[in-house]
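So the chains spell out like this:
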Amino acid sequence: MAVDQEGGRVQRLRDPWTEWPPMRALGSRSVADTARFAAAMALELLDCGFDLDFAPVVDVDSNPDNPVIGDRSFARDAARVSAHATAFIQAMQGKGLAACAKHFPGHGDTDLDSHLALPRLDHGRERLDRVELPPFRAAVEAGVASVMTAHVLYPRLDPKRPATLSPEVMGVLRDELGYDGLVLSDDIEMRAVADHFSVEARSLGALRAGVDVILACSAADLREEVIAKLEAAPDALVEDALRRVVAFKARFQAPAVVPLSELGPPFASHRALAESLRVPASEDPGTDPADPADPADLIDPTERD
């Protein structure tokens, strides 16, 4: 069971569950704060029966005119995004809930919303290696359970297909970053791909590119059509994806008992934490925004997977 629970604009569980601030509120604070945020969120989601959260957003918010990312990103600096993404992933997964780094290879510099149109970014490898890719590399090194693709066209990598459908773009993740974990498409109903590619291209084409799980989030008829195409696909096309799904399920099995310190919802300590994180770091005397701590040191070793 999966849910899109980031905080800020994107959270499916609201009152009486904790309503969390956006990730931008964390980016100016210490990585310890981000770890506390992610651990508390994980406990609430585990208590609801979820196994996977489509968070964190690890896009670098490099374009102030971006209509879809903005404060969903930790920061406009790749190094700061990398540090907070690492803390978030290790804390969430330390509690037993799978995390998802999104949207590969980067949605932060677009000026179009991929729910409505197909964004295009003419960045070459030097720019990608410097800005967009470091947070994903950090997420892979942190052992992130899954990665979600971006419906964004990178013509200097692939002039015809957006990242979700591009073997060239997905090859950067699989071959160069060495990621053999679960890869999910963004919703294939989004107009960035739905307006330009057939159902077969959005499903089997995504598998050919290196995606393992196809998200069709609303339309039942589309979901059934995708399932039929996957069932009829050659075994060789689905074997790698099935192997990764099996490995994912084996790694993240729901804990027999969620280690909650209080009954809820609402969770009073989580609400207090959320409110404290809404205070700008510059006004919080207990926060060091430049905290140099290694995020790995913030997690109890007994809780690491």
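Before reading further, recall that the structure is shown in the block above.
The structure contained in this document is the topic of the report that follows. Computed from a prediction, not measured in an experiment: that's the story for all the values here.

Brief notes about the sheet that holds strand β6 (residues 146-149)
Across the sheet, three strands lie side by side as β5-β6-β7; this open sheet has parallel pairing. The open sheet has two edge strands with one neighbour each: β5 (100-104) and β7 (182-184). The sheet shows a mean angle of 25 degrees between the axes of neighbouring strands, direction not considered. Bridge count for β5 against β6 is four bridges, and the pairing is parallel. Each residue of the ladder has a partner; that of Lys102, found in β6, is Met148.

Observations regarding helix α2 (residues 31-48)
Because each turn of an α-helix spans 3.6 residues, side chains separated by three or four positions end up pointing in the same direction. For α2, spanning 18 residues, the distance from its first C-alpha to its last is 26 Å, which sits close to the expected 26 Å at 1.5 Å a residue. Within α2, 15 of the 18 residues are buried, which leaves the element mostly enclosed by the surrounding structure. Positive backbone phi, at 100 degrees, marks Gly49, one or two positions downstream of α2.

What about the pairing of β5?
Counted residue by residue, β5 has five buried out of five residues, so it is predominantly covered. At this point the chain moves from β5, through helix α4 (residues 125-141), to the parallel β6, and the crossover so formed is right-handed.

Observations regarding the packing of helix α7 (residues 199-209) against helix α8 (residues 220-232)
For the pair α7 and α8, interaxial distance at closest approach is 10 Å and the crossing angle is 50 degrees. In terms of orientation, α7 and α8 fall into the oblique class. In the packing of α7 onto α8, the handedness of the crossing is right-handed. Across from Val199, Glu200, Arg202, Ser203, Leu204 and Leu207 in α7, the residues of α8 making contact are Leu222, Glu225, Val226, Lys229 and Leu230. Each residue belonging to the contact of α7 with α8 can be placed in one class, and the counts come to six nonpolar, one polar and four charged.

Here's the deal with the nonpolar core
Formed by 70 residues in total, the largest nonpolar core has its most connected members in Phe74, Phe88, Met92, Phe104, Val144, Val147 and Leu173. Looking at this core, the elements with two or more residues in it are α2, α3 (78-94), β5, α4, α5 (167-176), α7, α8 and α10 (268-278). Sort the elements by how many residues they give to this core and α2 lands first, with nine residues. Look past the residues within four positions of Val147 in its chain and what remains in contact with it is Cys100, Ala101, Phe104, Phe136, Leu173, Tyr179, Leu182, Val183 and Leu184. Leu52, Phe54, Met148 and Leu215 belong to the second largest nonpolar core, which has 11 residues in total.

The rules behind these values
Numbers given to residues run from 1 along each chain, matching the order in which its sequence is written. pLDDT decides what is reported in this predicted model: residues at 70 or higher carry local features, side-chain atom pairs at 80 or more are listed and counted, and totals for whole chains, interfaces and linings draw on all residues regardless. Excluded from the side-chain calculations are hydrogens and water; all other atoms, namely the structure's heavy atoms, are used. Criterion used throughout: strands pair if DSSP finds at least two bridges between them. Every helix listed is a DSSP run of H or I at least four residues long, and every strand listed is a run of E at least two residues long, numbered separately from the N terminus. Fitting a line to C-alpha atoms yields each axis, with helices limited to the stretch in contact; the angle taken between N-to-C directions then spans 0 to 180 degrees. What a helix is expected to span follows from its residue count: subtract one and scale by 1.5 Å. Between buried and exposed lies partly exposed: a residue is buried under 20% and exposed over 50% of the maximum accessible area for its type, with that area taken using a 1.4 Å probe on protein chains only. With the strands pointing away from the viewer, any crossover whose connection runs clockwise from the first strand over the helix to the second is right-handed. Relative orientations are named as follows: roughly parallel for angles under 35 degrees, roughly antiparallel for angles over 145 degrees, roughly perpendicular for angles from 65 to 115 degrees, and oblique for any other angle. Crossing handedness: left-handed means the near helix sits turned counterclockwise from the far one by under a right angle, and right-handed means the same turn made clockwise. Any two residues having at least one pair of non-hydrogen atoms within 4.5 Å are treated as being in contact. Put simply, Ala, Val, Leu, Ile, Met, Phe, Trp, Tyr, Cys and Pro go in the nonpolar bin, Asp, Glu, Lys and Arg in the charged bin, and everything else, Gly too, in the polar bin. We call a set of buried Ala, Val, Leu, Ile, Met, Phe, Trp, Tyr and Cys residues a nonpolar core when their side-chain atoms join them within 4.5 Å.

Interpretation in functional terms is not warranted from these geometric data alone.
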